[in-house]
Amino acid sequence: MVFQEKIGVRSVRLALSAIALVAAGAAIAQEAPMQRVEITGSAIKRINVEGALPVQRLTSEQIAKTGATSVADLVQALPAMQGFSIAATAAGSNSGGNVSASIHNIGEAYTLVLLNGRRIAPQGSGSTINLNAIPMSAVENIEILTDGASALYGSDAIGGVINFILKKNYQGLNVEAHMARPGESSAGKNHNFSLTYGQGDLDENGYNVLLSYRRDDHKQLRALDRDFADTAYIPFSWQGKNYIYDRTSAATIPANVSATFNAKGSEPIGFNPYEKKNGKCAPMNQLALANTALVQNCGFDFVQTIEIVPENTRDSLFGKATVKVNDKLNVFVEGAYSRLDLTARIAPNTASVSIAKGSPLYNTYVRPYLTAAQDADIKSVTASYRTYDWGTRDSQTITTSKNFVVGAEGELGAWNFGTGLTWSKNAIDERYVGGYVKNAEFRDMLSKNLFDPFLGIGAQSDATKQLISNSVYKGSIRDASTTMKGIDARASREVMQLPAGAASVALGGDYRNYHYVQTPRATASDIFGFSASPAYDLERNNYGVFAEMMAPVVKSLEVTAAVRRDTFEAVKNALAKRDMGSKESSGTYKVSARWQPVPSFLARGSYGTGFKAPSMLAIGQPLVSAGFTSKSWACPPNLKAENPDYCQVGTRQYNVVSGGNEDLKPEKSKQYTIGFRFEPTNSFSVQADLWNVKMTDAVDSVSEEQIFTQSEKYRNLFTTFVDPGNGQTYWAKKTQSINIGQVVNRGVDWETTYRHKFAFGNLTTTLNGTYMLKSEKLEVGTTPDKWLSSINYFGVDNQVAFRHIVRLTSTLDTGAFSNSLIANYRNGYTDAEATSRNIATNALETFRIEVPSHLTFDWQGKWKFNKQLLLRAGVKNIADRNPPFSLRASSGHQVGFDPRYADPMGRTFYLTGNYSF
């Protein structure tokens, strides 16, 4: 089959990986007049043709066929995507529901996301874009470059580029409504409504105005709504033996007691007064499996209180006005706005309460379970309490994204040009709306013995219950924003005629200013046990210029080369009143080629370099509280010998503090791709692209596992942390980034498509996926060098690089009706290391289980009733398969499964109606 220069056919040829599986309809699109366009990954406008770079393209119709209800659902389902953030991690973090893209497991910070070819403000001080900022109802198509592009776009494009191209020159009114509901219950149901209106044709009327609005509502899903996710105390079988996995918490209701003593060498003890008195733990508690002879705690089953998918609503608006000044010049102004309101509800808060010797609480709940010698030698007593009666911790995060561009595009002499001024802002307002305790009121209750942490759920007096109701903190705790201001310009033209055709060149440059501000709105004096957010006011400028040239060497061979020079200025720290870091400049280049010796076969390849500048916080952040370790640890022996008073009693999570490093340099990469496409007939095609990315000077840090298991070697990575609740000092893990890492990722994106014409319709079947050959990182601090692989293995970075991610789709188009069946496959892997108790021997055993593969099927039917009305109905996860069992202890508070790798919704039915006026 000849590679014709048609828009529809090009869509299919550019469709790689998962994109291709929904491109059947576009394969037979009508011919359109030839035009010069700019394809993501190149600044040279050319007639549509399969290029030298692996660019994937997804149209609005193809997006609809996936059944995705958000940009994140769409992008994160592609086989080439691994290593991104999901909204569900808001259950246990301050992510605010941030969702991101990550190409080839290289990382979300290394995947550049563009809106209409331009950058938008990131979330935070780095480069990661929250996909919630993209107005899905206005998306016309998406182009994904699965190859590094620093030579064209600058920093952050090591992994590749995702370019969301929005509608333009649209006329008419379109209304769409969608509803989806899990089959098991209404929990987790969602619906959305969108309205798009366009007026004026650029060619006929000389102008076009477009407005698009969408409203999304997603209800929460509780852990108790799914039997695979409803407890932190899980019985399971492994290799013919029965175990119990215990992720319960030592902060309980009624409280556990930790007691330390004055005598040198005396070991601290732990116990639960309720269990001592009653011989069993209170409801919602289990006897902790990590107990020892000296520590006999209960464990609170916090999972029964959490929501594993948060509630959220989102409003998005996009508008664009374009005026055709003359036949060669268009000017435009466009604006995008989105507002995500997400509430994450997790387990009631923990509180460390100091119990004074001789107090009523001490005399009632502590002294009876001490020996006379222990009572005489007592040094400190702490109650580890779960504030259940205050309710779940409800954190509402309102994220707003604003993007405004004014620009021009057209022709100036022989040049095709485009330029624009951009103002973009991403802002977060994080609020506590339930479950957090006012500091002054709580301490007053404790000092006056008006509250008893050793009573069970709901057992406080009526007077105390009223005090509890009056002591719930509600209000903002921080707001943060990143503002980006920039200007860009680029132009391309043919420069000379070569024997094989015209050579073209492109020139361009851009300037951007980033300003990151965070303001704390609450302190430890407002909220009991609270670590206030630090204040930041950081600013940095960066600018770059590039040049690109494409030349046909011979009729069948085209070569493109690009170079770029970028400069990042030092970070201006307004609060510290000084510059941090240093001015850095870096040059990158890329060479690519396409060879088409016969019409049915095309080979392509590229080689280039890339870099990524460190984020402003990576340079300028002081040591600040950063949560807790992902796992519970016993106090390291060397720290215990150094100061046992700083040790937590028993096996506990330790605080983490993190800070920046002014000496950080840009990370660097070298990468290549080589691939082919073979289309011998109209009915069959196959393509594959081998890619490889090697990063040096990668910003990395010593893993939690290394620090705690080799605590003497990494003594410098321990510090102390003062608990704001009880004022006691504990050991804490310190995280500071350094340019020491090396990372190698390698794999193959592949696709094969078969089409068949029946008398009653057309069948298109596509099988595609990503096959990971290597995903390795150099373990920091090892001599000689030790490489760690995360291929099918839960690695020290708390994630998995899957060897196989595959999708199979079959679409049967029969006139007004279309049916699609999609299979989604992800292979199994070796899970995180975890400790469980062997029921038969009662011994604790540490091992890694094997997580099985996960295969789901989706169906969608489409009925085009007439030119105006279109209906879609579908079922996701037809077989209602549960997520595979996992013992991982990171990335959110969910237990028993990994929400990043499998959807907990189960079988879900949806219906979409679309009407055009």
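Each remark here, short or long, concerns the structure printed above.
The structure presented is a predicted model; accordingly, all values stated were derived computationally and were not measured.

Undergrad: When you look at the overall build of the chain in this model, what are you seeing that I'm missing?
TA: Of regular secondary structure, the chain possesses 13 helices and 51 strands. For 917 residues, the compact-globule estimate of 2.2 N^0.38 gives 29 Å, and the chain sits close to it at 29 Å. Counting across all 917 residues of the chain, residues that qualify as buried make up 58%. Excluding contacts between residues fewer than 6 apart, the proportion of contacts in the chain whose partners are at least 24 apart in sequence is 72%. Total accessible area on the chain is roughly 36,100 Å²; 55% of this is exposed by carbon and sulfur atoms. Averaged over its 94 positive side-chain charges, the chain has a centre that lies 1 Å from the centre of its 84 negative ones.

Undergrad: What should I look at first to understand the nonpolar core in this one?
TA: By size, the foremost hydrophobic cluster in this structure holds 57 residues, and its most contacted members are Trp390 and Phe442. In this view, phenylalanine 442 contacts Ala351, Val353, Trp390, Val437, Phe451 and Phe528; residues no more than four positions away in its chain are not counted. Core analysis: the second largest hydrophobic core is formed by 33 residues, Val75, Ile162, Leu210 and Phe318 among them.

Undergrad: Can you walk me through the pattern of salt bridges in this structure?
TA: When the charged atoms of two side chains lie near each other, side chains of opposite charge can form a pair. The tally for this structure, following the rule as stated, stands at 35 salt bridges. One salt bridge connects glutamate 311 with arginine 345, and the closest N-O pair in it is separated by 3.1 Å. Here glutamate 311 is found in strand β20 (residues 311-326), whereas its partner arginine 345 is found in strand β21 (residues 329-346), with 34 residues between them in sequence. A salt bridge links arginine 367 to aspartate 375; the shortest N-O distance between them is 3.4 Å. The structure contains a network of salt bridges with shared partners spanning Asp510, Arg512, Arg564 and Asp566.

Undergrad: In this structure, what is going on with helix α9 (residues 439-447)? I would like to understand it.
TA: Since the α-helix advances by 3.6 residues per turn, residues separated by three or four positions end up pointing in the same direction. For α9, every residue scored as buried is listed here: Asn439, Phe442, Met445 and Leu446. With its buried residues spanning 135° around the axis, α9 presents them on a single face. Packed against the buried residues of α9 are β22 (350-354), β25 (415-437) and α10 (462-470). The positive-phi residue at the C-terminal boundary of α9 is asparagine 449, with phi of around 55°.

Undergrad: Quick question: what am I supposed to make of the side chain of serine 258 here?
TA: With respect to the element layout, serine 258 can be found in strand β14 (residues 256-261). When its relative accessible area of 9% is taken as the criterion, serine 258 is described as buried. With residues up to four places along the chain from it excluded, the contact list for serine 258 reads Ile269, Gly270, Ser380, Val381, Thr382, Val649 and Arg652.

Undergrad: It is not clear to me how the sheet that holds strand β13 (residues 241-246) should be interpreted in this structure. Could you clarify?
TA: Strands belonging to one sheet form pairs held by backbone hydrogen bonds; the direction of such a pair is parallel or antiparallel. As summarised here, the arrangement of the four strands in space is β12-β13-β46-β47, forming an open sheet in which the pairing is antiparallel. At either margin of the open sheet sits one strand with a lone partner, and together these are β12 (233-238) and β47 (844-847). The average undirected angle you get between the axes of adjacent strands in this sheet is 40°. When strand β46 (residues 834-838) meets β47, the two strands line up antiparallel, connected through four bridges. Note on β47: the bridge partner recorded for arginine 837 is leucine 844.

Undergrad: Explain the state of the cysteines here, please?
TA: Two cysteines, two sulfur atoms, one covalent bond between them: this is a disulfide. Taken as a whole and judged by the stated rule, the model has two disulfides. One disulfide in the model links cysteine 281 with cysteine 298; its S-S distance is 2.1 Å. Disulfide cysteine 281 to cysteine 298: torsion about the S-S bond roughly -90°, handedness left-handed. Of the two residues, cysteine 281 sits in the loop between α6 (273-278) and β16 (285-287) while cysteine 298 sits in strand β18 (residues 298-300), which places them 17 residues apart along the sequence. Note on cysteine connectivity: cysteine 635 is disulfide-linked to cysteine 647, with sulfurs 1.9 Å apart. Handedness here is read from the sign of the S-S torsion; for cysteine 635 and cysteine 647, about -50°, the answer is left-handed. Here cysteine 635, found in the loop between β34 (624-628) and α12 (637-642), pairs with cysteine 647, found in the loop between α12 and β35 (655-659); they are twelve residues apart in sequence, far enough to count as distant. Judged by relative accessible area, which is 13%, cysteine 635 ranks as buried. When the bonded cysteines of the chain are counted from the start of the sequence, the pairing works out to 1-2, 3-4.

Undergrad: Help me understand the pairing of strand β43 (residues 804-814), please; the structure alone is not making it clear to me.
TA: Remark: a regular strand shows side chains that alternate across the two faces of the sheet. Of the pairings in the sheet, the one linking strand β41 (residues 761-778) to β43 comprises ten bridges and is antiparallel in character. The partner of tyrosine 771 across the bridge, within β43, is histidine 804. Taken together, β43 and the strand that follows it, strand β44 (residues 817-826), pair antiparallel across an intervening segment of two residues, in which glycine 815 is found at a positive phi of about 70°.

Undergrad: I would appreciate a short explanation of the environment of leucine 74 in the present structure.
TA: Secondary-structure assignment places leucine 74 in helix α3 (residues 71-76). Along the primary structure leucine 74 and alanine 64 are separated by ten residues, whereas in three dimensions their C-alpha atoms are 9.5 Å apart. Once residues within four sequence positions are removed from consideration, leucine 74 is found in contact with Leu58, Ile63, Thr66, Ala68 and Ile142.

Undergrad: What is the right way to look at the sheet that holds β35 in this model?
TA: The mixed open sheet is built from four strands, whose spatial order is β34-β35-β39-β38. The sheet terminates laterally at β34 and β38 (718-722), the two strands that pair on one side only. Each strand axis lies, on average, 45° off the axis of its neighbour in the sheet, ignoring direction. Summarising the sheet, β35 and strand β39 (residues 729-736) pair through five bridges and their orientation is parallel. Directly across from valine 656, in β39, lies its bridge partner lysine 733.

Undergrad: I'm lost on unusual backbone geometry in this one. Help?
TA: Leaving glycine aside, a negative phi is the common case for residues, and trans is the common case for peptide bonds. That bond from isoleucine 253 to proline 254 is cis: its omega, 0°, falls within 30 degrees of zero. If you trace the backbone, proline 254 turns up in the loop between β13 and β14. Look at asparagine 798: it is not a glycine, yet its phi comes out positive at around 60°. A relative accessible area of 28% means that asparagine 798 is categorised as partly exposed. Notably, asparagine 877 is not glycine yet its phi reads approximately 55°, a positive angle. The topology assignment puts asparagine 877 in the loop between β50 (869-876) and β51 (908-916).

Undergrad: Help me understand a nonpolar patch on the surface in this model?
TA: Taken together, Val333, Phe404, Val406, Leu421, Trp423, Ile487 and Tyr511 make up a surface patch of nonpolar side chains, about 580 Å² in accessible area. Tryptophan 423 gets classed as partly exposed once you look at its relative accessible area, which sits at 34%.

Undergrad: In this structure, what is going on with the side chain of arginine 807? I would like to understand it.
TA: Inspection of the secondary structure puts arginine 807 in strand β43. Of note is the side chain of arginine 807, whose polar atom sits 2.7 Å from the side chain of asparagine 824.

Undergrad: For this particular structure, what's the right way to read the packing of aromatic side chains?
TA: Enumeration according to the criterion identifies 31 aromatic pairs in this entry. Pairing tryptophan 390 with phenylalanine 442 gives two aromatic rings, centres 5.5 Å apart and planes at 80°, and the pair type is edge-to-face. Of this pair, tryptophan 390 sits in the loop between β23 (378-386) and β24 (393-412) while phenylalanine 442 sits in helix α9, placing them 52 residues apart in sequence. By the burial criterion, tryptophan 390 is buried, and phenylalanine 442 matches it. Between the aromatic rings of phenylalanine 568 and phenylalanine 611, the centroid separation amounts to 5.9 Å while the plane-to-plane angle is 80°, which identifies the pairing as edge-to-face. Residue phenylalanine 568 is found in strand β29 (residues 557-568), and its partner phenylalanine 611 is found in strand β33 (residues 601-612); the two are separated by 43 residues along the sequence. Exposure remark for phenylalanine 611: the relative accessible area of 1% places this residue in the buried category. Following the ring pairs from residue to residue traces out a cluster consisting of Tyr385, Trp390, Phe442, Phe451 and Phe528. If you follow lysine 320 out to its NZ or CZ, it ends over the ring of phenylalanine 332, 4.8 Å from the centre.

Undergrad: Would you explain the pairing of strand β49 (residues 854-864) in this entry?
TA: The sheet contact formed by β44 and β49 spans ten bridges and is antiparallel. By the bridge assignment, leucine 821 is partnered in β49 with tryptophan 859. Here β49 runs beside β50; their pairing, made up of six bridges, is antiparallel. Bridging across to β50, lysine 864 finds its partner in leucine 870.

Procedures and definitions
Residues numbered from 1 in each chain as written. Predicted model: local features only at pLDDT ≥ 70, side-chain atom pairs only at ≥ 80, totals over all residues. Heavy atoms only, no water. Helix = DSSP H or I, 4+ residues; strand = E, 2+ residues; numbered from the N terminus. Rg over C-alpha atoms; globule rule 2.2 N^0.38 Å. Buried < 20%, exposed > 50% of the residue type's maximum accessible area, 1.4 Å probe, protein only. Contact = heavy atoms within 4.5 Å. Areas by Shrake-Rupley, 256 points an atom, 1.4 Å probe, with all protein chains shown as cover. Lys, Arg positive; Asp, Glu negative; His and termini not counted. Charge placed at Lys NZ, Arg CZ, Asp CG, Glu CD. Core = buried A, V, L, I, M, F, W, Y, C linked by side-chain atoms within 4.5 Å. Salt bridge = Lys/Arg side-chain N within 4 Å of Asp/Glu carboxyl O. Arc of directions from axis to C-beta. Pairing = 2+ DSSP bridges. Axes fitted to C-alpha atoms, helices over the stretch in contact; angles between N-to-C directions. Disulfide = S-S within 2.5 Å. Patch = residues over 30% accessible without salt bridge, like charges linked within 9 Å, V, L, I, M, F, W, Y side chains within 5 Å. Polar contact = N/O pair within 3.5 Å; in protein donor to acceptor, adjacent residues only side chain to side chain. Phe/Tyr/Trp six-rings, centres within 6.5 Å; stacked < 30°, edge-to-face > 60°. Lys NZ or Arg CZ within 6 Å of the ring centre and 35° of its normal.

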